[in-house]
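Spelled out, the chains give:
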Amino acid sequence: MLGMAIVTRQLHYLKHKELGYNSAQTMVIPIQNEDIYNFLTQRKGDLLSQSHVSNVSLMSGEPGGYFDAQMFDVEGHDERWRGRTEFVDFDYVKTLGLKVIAGRDLSPAFPTDSTQALLLNRTAAAKLGWTPQQAIGKWLKNTLHDSTRQIVVGVVEDFNFLSLREHIEPLVISPDDDQRVGLVRLKPGDVQAGVEAVAALYAKTKPAYPFEYRFLDEQFDQLYQTNLRQQTILGIFAGLAIFIACLGLFGLASFLARQRTKEIGVRKVLGASVVSVVALLSKDFLKLVLLAIVVASPLAYYGMNRWLQNFAYRVEMSWWVFAMAGLVAIGVALLTISVQSIRAALVNPVKSLRSE
C-alpha cells in the first residue's frame, strides 16, 4: 500500500508539473521523408492561413525528444564547453510559448540571424558564468557544426526539454536546416477539425507517404511507459495481497471466535456490551497490524527512496503518506475482523453456554 501510494503520487506530480512550455493542442509531425519535409517547409504559409492553426515551427527535436550534445568555443573561456543543441526556425519560441527573459527572439527581420545568431536558456548562461543580461552580445562557435561565431541575441527561461528524470541542462538554440520534426499548434476549440484541416492540406500535395502525427501533451505516456506499467502491476499485486490478507484475517477471526464461545457467553451474562466483546476479539489482531506497520514503514521508505532517485524531480515522502497507509491498513483489518466479531458478540449467551 505504501509503495502504491508513493508511485501514484510521483506519476501524478510528473504529469501535472509545469514544464515551462505550452504543449496543449500541439501536433508533432516527424519528418521521416521528403514529402513531409516539403509539406512543412513549402506549405507553411498555407498552414498558417488555416483558421484552426495558430503556429508552425520546424526543429531538430521536440520537448521530450532527442537533443544532441556538442562542443562549443565560448568568448572568455579557454576550454571548450559542452551544451545541448536545438536547431530551429524563427517560429520556435512563439510556437512553444517560451519566455524571453533577456534580449530578443530570433527574427527574420534581422538578416544576420539566420547564420550569426543564437539563443541560450537560463541554465546555459549561468553555467558560462553570465547573468541573462550579461550573455547578450557574447559569441559561441559550435566546433562540429559552424565555421563562424554566433552572437547571443536572447536568453529564454528554462523549460524541461528533456525527461523529468533529468535536470535542466544548458541549451543552445540556433537557426539551421537540420530539422527532424515539425510542430503545428492548433487554436483552442475544435481540435479534431484542426487535425482534419492539416491532413486535408497535406493530401492536396499528392504525397507518397501517409500523414502521421501525435500530440505533444501525449509525450508523458511515451516517456514514462515503464513507470505506468509498474504502477498498474503494483496496483494489481497490492490488491491481491490485501485480499489474501483479509481472507486470512477473516479465517483467524472465525477460528478465534469459535474457540472463545464460552468466554463470550460468560462475559455477556456478566453485562459485557457488544462493543466490548468486539474490542476483546479485535485487539490481538490490531497488535499484529501495528507491528506490520512498524516493520513495513522503514522498508517501504528505503525501497521507494531508491526508486525516486531515478527522477531529478520527485515528491517528498511525507509522514502523512505513511500515516494514511497505516490507518487504511488498520481500517481494512478492523472491517474484516469486525464481521466475525460482531456476529459472535450478538449470539445469545444462553446458546453459547449451552453449546459448551
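Residues numbered from 1 in each chain as written. Predicted model: local features only at pLDDT ≥ 70, side-chain atom pairs only at ≥ 80, totals over all residues. Heavy atoms only, no water.

**Structural notes on the overall build of the protein**
Counting its secondary structure elements, the protein contains 14 helices and 11 strands. What you see for the protein is a C-alpha radius of gyration of 31 Å, clearly larger than the 21 Å of a compact globule of 356 residues, by over 25%. C-alpha extents for the protein along the principal axes are approximately 105 × 55 × 25 Å. Sorting the 356 residues of the protein into buried and exposed places 44% on the buried side. Per element, the accessible surface of the protein, about 18600 Å² overall, is 58% carbon and sulfur. (Helix = DSSP H or I, 4+ residues; strand = E, 2+ residues; numbered from the N terminus. Rg over C-alpha atoms; globule rule 2.2 N^0.38 Å. Buried < 20%, exposed > 50% of the residue type's maximum accessible area, 1.4 Å probe, protein only. Areas by Shrake-Rupley, 256 points an atom, 1.4 Å probe, with all protein chains shown as cover.)

**Here we look at the side chain of Asp68**
Looking at where Asp68 falls in the secondary structure, it is placed in the loop between β2 (53–59) and β3 (69–74). Of the residues examined, Asp68 reaches a relative accessible area of 15% and is grouped as buried. Within the local environment of Asp68, its side chain forms a polar contact with the side chain of Tyr66, the two groups lying 3.3 Å apart. Once residues lying within four places of it in the same chain are set aside, the contact partners of Asp68 are Gly83, Arg84, Thr85 and Arg180. (Polar contact = N/O pair within 3.5 Å; in protein donor to acceptor, adjacent residues only side chain to side chain. Contact = heavy atoms within 4.5 Å.)

**A short note on the environment of Leu228**
Within the secondary structure layout, Leu228 lies in helix α10 (residues 225–259). On the accessibility criterion, Leu228 (25% relative accessible area) is partly exposed. Along the chain, Leu228 and Leu96 lie 132 residues apart, while their C-alpha atoms are 26 Å from each other. Sequence-distant contacts of Leu228, defined by excluding residues within four places in its chain, comprise Leu11, Phe220 and Asp221.

**Focus on the nonpolar core**
Core analysis: the largest hydrophobic core is formed by 22 residues, its most contacted members being Tyr92, Leu96, Leu98, Leu119, Phe159 and Ile173. With 3 residues, helix α4 (residues 92–96) is the single largest residue contributor to this core. The next biggest cluster of nonpolar side chains, apart from the first, holds 20 residues, and it includes Ile6, Val7, Leu14 and Ala300. (Core = buried A, V, L, I, M, F, W, Y, C linked by side-chain atoms within 4.5 Å.)

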